[in-house]
Amino acid sequence: MSAQHPAGLASESVRRIAPYTPGKPVSELARELGLTDIVKLASNENPLGASPASLAAMQAALAESGLYPDGSGHALKQALAARHGLSPAQLTLGNGSNDVLVLLAEGFLTPGTEAVYSQYCFAVYPLAVQATGARAVVVPALPVAHAKMPLGHDLEAMLAAITPATRLVFIANPNNPTGTWVEAAAIEAFIARVPATALVVLDEAYFEYAVEAGCGDGLAWLARYPNLVVVRTFSKAYGLAALRVGFAASHPEVADVLNRIRQPFNVNSIALEGARAALADPRHVARSVALVAQERPRLARELAVRGLTTLPSAGNFLLANIGSAARAAALNDHLLRRGLIVRPVGNYGLADYLRITVGLVGENSRLLEGVDAWLGSERR
Ligand SMILES: *Cc1c(COP(=O)(O)O)cnc(C)c1O
């Protein structure tokens, strides 16, 4: 270790972390290509944005910008508890659900313990686990030829991977980037079989979109399973990704651990007020869910007509098989030049695929036109 290489002062496991690759921001593409009319279908954001009620609440909250937020998030916790039939003592608020996922890792993992997650899981789990020095046990996903849920979580294999050293088992239902899911009865049976020595972290970031697919409601199982932690977010169906608000619902003792290690003011006042107003405006969420229910099957069908098959999805996005890594890169490039941002997923080990967020009707049509133009150029 020398002064010339200060990174050597960080732990080995931290130095091995591959940083998170976010979707390309609209402003970046605008800067790079001088484009103005850009559509971003890369980060599973809600194309309807925040609800007007939420925007009004946030504008009002700006006036108090000189004051620290309510560090306990009292009002939002009360509203969430009332909505879901929980006690506020079961809730932990986070700067996005990402924050809560990191708190779970920090609170329950140490070198010598293990965390179990699936191949092709949400990228934040490996990041959070690796930073603690705990051992990551990556369970192979279901095969791509699986009849029902290609590349989905293999719950039997995940159960078999749990040892006495396992502290956390991460499951996203539905999963990002695959969109695949596990039905309610199967998830609950899984939770029931996980030993009390490990917490099940059930990430329901796409809960609102996934109701229709039969994913179930993890919050309803909390009373039965003290080792269950359900993670939700305001970033997706609620349209508040920029604000960074999410929460964990758990046994009060788990919430107590998370509350000890979180930053005292981890959720800002604007976000607290925006989330509270969003929760009180279920019609906006219903509109967002209806848009996806209508457009996701259309997009899947239209892509299939063009030879691009998609995985089954219970989220507001589709994982499309482009046929090869070279084709996926070429299509991504072509779309970028037309002002269309989708998500390459090579960092997930899925280089043949692109992840496409379901947008507004016109945005999805523009994407399909982009695909058509690329297919035309491929044939020439
Ligand atoms: C988008 C997403 C989240 C939410 O992240 P935030 O930090 O709340 O914005 C969590 N889990 C999964 C699987 C996601 O796709």
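Relevant structure appears above.
Not measured: the values here are computed from a predicted model.

Undergrad: Would you explain unusual backbone geometry in this entry?
TA: Peptide bonds are mostly trans, and most non-glycine residues show a negative phi. Following Asn173, the chain continues into Pro174 via a peptide bond in cis, with omega recorded as -5°. For Pro174, the position within the fold is in the loop between β5 (166-172) and α8 (184-193). The omega torsion across Asn176 and Pro177 is 15°, close enough to zero to call that bond cis. Checked against the element boundaries, Pro177 lands in the loop between β5 and α8. With a phi close to 65°, Leu151 is a non-glycine residue in the positive phi region. Of note, Leu151 is situated in the loop between β4 (135-139) and α7 (155-160). Its identity as a non-glycine residue notwithstanding, Arg244 has a phi of 65°, on the positive side. By the element assignment, Arg244 lies in the loop between β7 (228-233) and β8 (246-249). We classify Arg244 as partly exposed; its relative accessible area is 29%.

Undergrad: Any chance you could explain the site of the ligand here in plain terms?
TA: Around the ligand sit Gly96, Ser97, Asn98, Phe122, Asn176, Asp203, Ala205, Tyr206, Thr233, Ser235, Lys236 and Arg244, and that is every residue in its neighbourhood. Backbone polar atom of Ser97 to an oxygen atom of the ligand: 2.7 Å apart, as the coordinates give it. Within the complex, 93% of the 380 Å² of free accessible area of the ligand lies under protein.

Undergrad: How do you make sense of the sheet that holds strand β12 (residues 353-357) when you look at a structure like this?
TA: The strands that make up a sheet pair up through hydrogen bonds in the backbone, lying either parallel or antiparallel. One open sheet holds the three strands; their spatial order is β9-β12-β11, and the pairing between them is antiparallel. The open sheet has two edge strands with one neighbour each: β9 (317-321) and β11 (343-344). In terms of strand pairing, β9 meets β12 through five bridges, oriented antiparallel. Bridge pairing links Ala320 to Leu354 in β12.

Undergrad: Is there a simple way to think about the nonpolar core in this case?
TA: Generally speaking, soluble globular proteins have nonpolar side chains that are buried together. In this structure, Phe190, Ile191, Leu228 and Phe234 are the most contacted members of the largest nonpolar core, which totals 76 residues. Considering each element in turn, this core owes the most residues, six residues, to helix α11 (residues 269-279). If we ignore the near neighbours within four places in the chain, the residues touching Ile191 are Val200, Leu202, Trp221, Tyr225 and Leu228. Core analysis: the second largest hydrophobic core is formed by 35 residues, Leu104, Ala105, Ala128 and Val201 among them.

Undergrad: Would you mind going over helix α6 (residues 124-132) with me for this structure?
TA: Every α-helical turn comprises 3.6 residues, leaving residues that sit three or four positions apart pointing alike. The complete set of buried residues in α6 reads Val124, Tyr125, Ala128, Val129 and Thr132. Angular distribution of buried residues about the axis of α6 spans 125°; they occupy a single face of the element. Of the surrounding elements, those touching the buried residues of α6 are α5 (97-108), β3 (114-118), β4, β5 and β6 (199-203). The first or second residue beyond α6 is Gly133, which carries a positive phi of 85°.

Undergrad: I keep staring at the pairing of β4 and nothing clicks. Help me out?
TA: The side chains of a regular strand alternate between both faces of the sheet. Both β3 and β4 contribute to a ladder of five bridges, which runs parallel. Looking across to β4, one finds that Val116 is bridged to Val137. A crossover links β3 with its parallel partner β4, the connecting element being α6, and its sense is right-handed.

Undergrad: Looking at this structure, I do not really get the pattern of salt bridges. What am I missing?
TA: Side-chain pairing between opposite charges can occur once the charged atoms of the two side chains come close. On inspection of all chains with the given rule, the structure shows 19 salt bridges. Residue Glu12 is joined to Arg16 by a salt bridge in which the shortest nitrogen-to-oxygen separation is 3.4 Å. With a relative accessible area of 48%, Glu12 lands in the partly exposed category. Owing to a relative accessible area of 54%, Arg16 belongs among the exposed residues under this scheme.

Undergrad: Can you help me understand α11 in this one?
TA: Most of α11 sits out of view: nine of its eleven residues are buried. For α11, the full list of buried residues reads Ser269, Ile270, Ala271, Leu272, Gly274, Ala275, Ala277, Ala278 and Leu279. The elements touched by buried residues of α11 are α3 (52-62), α4 (74-84), β2 (91-94) and α12 (282-305). The N-cap of α11, judged by a side-chain oxygen 3.0 Å from the amide nitrogen of Ile270 a few residues on, is Asn268.

Undergrad: Just checking my understanding: could you explain the side chain of Gln90 for this structure?
TA: Note that Gln90 resides in the loop between α4 and β2. Here Gln90 falls in the buried class, since its relative accessible area comes to 15%. Apart from residues no more than four positions distant in its own chain, Gln90 is found in contact with Leu222, Ala248, Ala249, Ser250, Pro252 and Ala255.

Undergrad: Would you take a moment to explain the pairing of β12 for this structure?
TA: Along β12, five of the five residues are buried, which leaves the element largely enclosed by surrounding structure. What you see with β12 is no split at all: Tyr353, Arg355 and Thr357 on one side and Leu354 and Ile356 on the other are buried throughout. As paired elements, β11 and β12 share two bridges and run antiparallel to each other. Considered in β12, the bridge of Arg343 is made with Arg355.

Undergrad: Help me out: how do you make sense of the sheet that holds β4 in this one?
TA: Strand order across the open sheet formed by seven strands is β2-β8-β7-β6-β5-β3-β4, with mixed pairing between neighbours. Each edge of the open sheet is held by one strand with a lone partner, namely β2 and β4. On average, each strand axis in the sheet is tilted by 20° relative to the strand beside it, whichever way the strands run. Across four bridges, the pairing between β7 and β8 is antiparallel. Bridge assignment links Val230 to a residue of β8, and that residue is Ala249. Running over the sheet, helix α10 (residues 252-261) touches β2, β6, β7 and β8 and is turned about 30° from β2.

Definitions and limits used
Residues numbered from 1 in each chain as written. Predicted model: local features only at pLDDT ≥ 70, side-chain atom pairs only at ≥ 80, totals over all residues. Heavy atoms only, no water. Helix = DSSP H or I, 4+ residues; strand = E, 2+ residues; numbered from the N terminus. Buried < 20%, exposed > 50% of the residue type's maximum accessible area, 1.4 Å probe, protein only. Near = heavy atom within 4 Å. Polar contact = N/O pair within 3.5 Å; in protein donor to acceptor, adjacent residues only side chain to side chain. Areas by Shrake-Rupley, 256 points an atom, 1.4 Å probe, with all protein chains shown as cover. Pairing = 2+ DSSP bridges. Core = buried A, V, L, I, M, F, W, Y, C linked by side-chain atoms within 4.5 Å. Contact = heavy atoms within 4.5 Å. Arc of directions from axis to C-beta. Right-handed = clockwise from strand over helix to strand, strands pointing away. Salt bridge = Lys/Arg side-chain N within 4 Å of Asp/Glu carboxyl O. Axes fitted to C-alpha atoms, helices over the stretch in contact; angles between N-to-C directions.

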